[in-house]
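The residues making up each chain are set out below.
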Amino acid sequence: MTDMYFLVLTAINLFALAFMCVLVSLNDTLNPKQTRGFLYTFLLIALISILELITVLVDGGPRWMRPINIISNYLGFSLTPAVPLVMVYTIDQSGQISESLKVATALEIVYFLIMTVSLFTGGLVFTVDAANQYSRLGGFPVYMLMYYAGIVFLMYHLLEMARFFQNRGRELIYALALFLALGTLVQIRLPGIHVTWLCVTILSILYYLYCNEMWNQLDGLTGLLSQKNYLNRTLNLHEEDRMLIVLDLDDFKHINDTYGHLAGDRCLREIAQCLKKAYGRYGNCYRIGGDEFCVLLWNPEKEVFCREKFYWNLTKQRVKTSILPNVSYGSALLDAYESIRDTKARADQKMYQNKKEHKAEKHFT
């Protein structure tokens, strides 16, 4: 009865994973690396789920099934720590494999080799006796160490991604980690209850939804929150939104006409990073137009500090990219009795005045 129950559970699990593979393949908002990463994740989880099902079905069966039991357990235990590594590969924004992921992958390869050698030396994590009965060995904590280290590694990179998204949804990451840790703990304490990979499947689906939702909120070029996100936020301002800051690049058309649009895009990206470094801890940063940015600031008392830090970052960045244009600035406190349009008009007025001052200074020099 238990085997039949687990068979049905695995079938449901595999259906969910197959559905997610199709969904990922149809998602045109993902770049090729993200698509590959999610597909590898779901397929790897499906493979390990099948391996676990095989071990449940053959354990204690006829002796001729013993090699199947051994190989299935060996592959399951060896491949499990690779799942979080594939997830980290998926969310990495650098466009190349990070150094930390290379180190983690090297450790996984070493662990895999150790597991392979242990097949011929009496076992490390598990053993299957002559009667085809599975049991854990004293090295089982090695597997658990690799497993939980992978989870910690994944959570660290998810938190880094949340920081890239200006810490939106950060609390959800802690909930995902707790969910997986508790699900795994249940199976460790009660080996007959096979819920770990169901938990991993649910987590991977939630992980896909979280990443997809976060990525859809970003402006594709700069990595700041998008104009659509800004418009939706201003339709339902939060209590913490207390000041609107608008910024506009001076003579940006001249940059595009003189150096080309690729150079202009580079300027936009670098200015966006300067903006996020200065304001990211104190508000939400948006790109709301071609060369127009804004911040919904939570702490108006930090306005001067953030503005000085932004211009300092900009000056520092010009050492590397001399063509970075100046940025005009305006701000206005949000008023509950005023529409966001009127607030932005007040901020824009200050920004245009700042732009005139920049032109006057340039003409004077």
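What counts and how
- Residues numbered from 1 in each chain as written.
- Predicted model: local features only at pLDDT ≥ 70, side-chain atom pairs only at ≥ 80, totals over all residues.
- Heavy atoms only, no water.
- Helix = DSSP H or I, 4+ residues; strand = E, 2+ residues; numbered from the N terminus.
- Expected span 1.5 Å × (residues − 1).
- Polar contact = N/O pair within 3.5 Å; in protein donor to acceptor, adjacent residues only side chain to side chain.
- Pairing = 2+ DSSP bridges.
- Axes fitted to C-alpha atoms, helices over the stretch in contact; angles between N-to-C directions.
- Contact = heavy atoms within 4.5 Å.
- Salt bridge = Lys/Arg side-chain N within 4 Å of Asp/Glu carboxyl O.
- Buried < 20%, exposed > 50% of the residue type's maximum accessible area, 1.4 Å probe, protein only.
- 1 Å grid on protein atoms, 1.4 Å probe; cavity = no way out; pocket = protein on both sides within 12 Å on 5 of 7 lines; lining within 4 Å.
- Points joined across faces, edges and corners; volume = space filled by probe spheres on them.
- Nonpolar A, V, L, I, M, F, W, Y, C, P; charged D, E, K, R; others polar.
- Phe/Tyr/Trp six-rings, centres within 6.5 Å; stacked < 30°, edge-to-face > 60°.
- Lys NZ or Arg CZ within 6 Å of the ring centre and 35° of its normal.

**Student:** Teacher, can you tell me more about helix α2 (residues 32-58) here?
**Tutor:** Each full turn of the α-helix corresponds to 3.6 residues, which orients residues three or four apart in the same direction. Counted at 1.5 Å a residue, the expected span for α2 with its 27 residues is 39 Å, and the 39 Å between its end C-alpha atoms agrees. One side-chain oxygen at the N-terminal end of α2 lies 3.1 Å from the backbone nitrogen of lysine 33; it belongs to asparagine 31. Looking at the residues trailing α2, positive phi occurs at glycine 60, about 80°.

**Student:** Any chance you could explain the sheet that holds strand β3 (residues 243-249) here in plain terms?
**Tutor:** Sheet strands pair by backbone hydrogen bonding; their relative direction is either parallel or antiparallel. Judged by pairing direction, the sheet is antiparallel, and its four strands sit side by side in the order β4-β5-β3-β6 without closing on themselves. Looking at which strands have only one partner, the edges of the open sheet turn out to be β4 (283-287) and β6 (327-333). When strand polarity is set aside, the average angle formed by the axes of neighbouring strands in this sheet is 15°. Here β3 pairs with β6 via seven bridges, running antiparallel. For methionine 243, the partnering residue across the bridge sits in β6 and is leucine 333. On top of the sheet, helix α9 (residues 227-235) reaches β3, β4 and β5 (292-297); it is set at about 130° to β4, its chief contact.

**Student:** In this structure, what is going on with the pattern of salt bridges? I would like to understand it.
**Tutor:** Enumeration according to the criterion identifies 12 salt bridges in this entry. In this structure, the salt-bridge partner of glutamate 99 is lysine 102, at a minimum N-O distance of 3.6 Å. Of the two residues, glutamate 99 and lysine 102 are both situated in helix α5 (residues 99-118); the distance of three residues between them amounts to about one turn of the helix. Since its relative accessible area comes to 57%, glutamate 99 is described here as exposed. Of the charged contacts in the structure, one is a salt bridge between arginine 233 and glutamate 240, with a shortest N-O distance of 3.2 Å. The network of salt bridges with common partners includes Arg233, Glu240 and Asp241.

**Student:** Help me out: how do you make sense of the side chain of threonine 201 in this one?
**Tutor:** Within the secondary structure, threonine 201 sits in helix α8 (residues 196-216). At 2.5 Å, the side chain of threonine 201 and the side chain of asparagine 13 are in polar contact. Residues in contact with threonine 201, not counting those within four places in the same chain, are Asn13, Ala16, Leu17 and Ile45.

**Student:** Help me out: how do you make sense of empty space enclosed by the protein in this one?
**Tutor:** If you walk through the whole model with that rule in mind, you get two cavities of 30 Å³ or more. Counted as a void, the largest cavity has a volume near 100 Å³. Surrounding the largest cavity, Thr80, Pro81, Val83, Pro84, Met87, Tyr147, Ile151, Leu154, Leu180, Trp197, Val200 and Leu203 form its lining. Elements represented by at least two residues in the lining of the largest cavity include exactly α4 (82-91), α6 (140-164) and α8. Here the lining of the largest cavity is built from residues that sort into 11 nonpolar, one polar and no charged.

**Student:** Would you mind going over the packing of aromatic side chains with me for this structure?
**Tutor:** Any two aromatic rings considered together are summarised by their centre-to-centre distance and by the angle between their planes. Inspection of every chain in the model, using the stated rule, returns 17 aromatic pairs. The rings of Phe77, Phe126, Tyr134, Phe140, Tyr143, Tyr147 and Tyr148 are connected pair by pair, giving a single aromatic cluster. Taking the ring centre of tyrosine 89 as reference, the NZ or CZ of lysine 33 above it sits at 4.6 Å. Here the guanidinium or amino end of lysine 302 rests over the ring plane of phenylalanine 305, the centre of that ring lying 5.6 Å away.

**Student:** Would you mind going over the side chain of histidine 358 with me for this structure?
**Tutor:** Tracing the backbone through its elements, the reader meets histidine 358 in helix α13 (residues 340-364). Side chain to side chain, histidine 358 and aspartate 250 meet in a polar contact 2.8 Å long. When sequence neighbours within four positions are dropped, the list of residues in contact with histidine 358 reads Asp250, Asn326, Val327 and Ser328.

**Student:** I'm lost on the environment of asparagine 236 in this one. Help?
**Tutor:** Mapped onto the secondary structure, asparagine 236 falls in the loop between α9 and β3. In this structure the C-alpha to C-alpha distance between asparagine 236 and leucine 145, which are 91 residues apart in sequence, comes to 45 Å.

**Student:** Would you take a moment to explain the pairing of β3 for this structure?
**Tutor:** Side-chain positions along a regular strand alternate between the two faces of the sheet. Burial runs high along β3: seven of the seven residues are buried. Here β3 shows no split at all, with Met243, Ile245, Leu247 and Leu249 on one side and Leu244, Val246 and Asp248 on the other all buried. Pairing geometry for β3 and β5, over six bridges, is antiparallel. In the strand pairing of β5, methionine 243 is matched with leucine 297.

**Student:** Whenever I open this one, unusual backbone geometry confuses me. Can you help?
**Tutor:** Across residues other than glycine, the phi torsion is negative in most instances, and most of the peptide bonds are trans. Positioned with a positive phi, asparagine 132 is a non-glycine residue whose angle comes to about 65°. Positionally, asparagine 132 belongs in the loop between β1 (126-128) and β2 (134-136). One non-glycine residue, aspartate 251, adopts positive backbone phi at about 50°. Tracing the chain through its elements places aspartate 251 in the loop between β3 and α10 (252-259).

**Student:** Help me out: how do you make sense of the environment of glutamine 34 in this one?
**Tutor:** Checked against the element boundaries, glutamine 34 lands in helix α2. According to the relative accessible area criterion, glutamine 34 is buried, its value standing at 9%. Note: C-alpha distance between glutamine 34 and glutamine 353 (319 residues apart in sequence) is 44 Å. Beyond its immediate chain neighbours, meaning those up to four positions away, glutamine 34 contacts Thr29, Thr90 and Trp215.

Read these as spatial facts, not as claims about activity.
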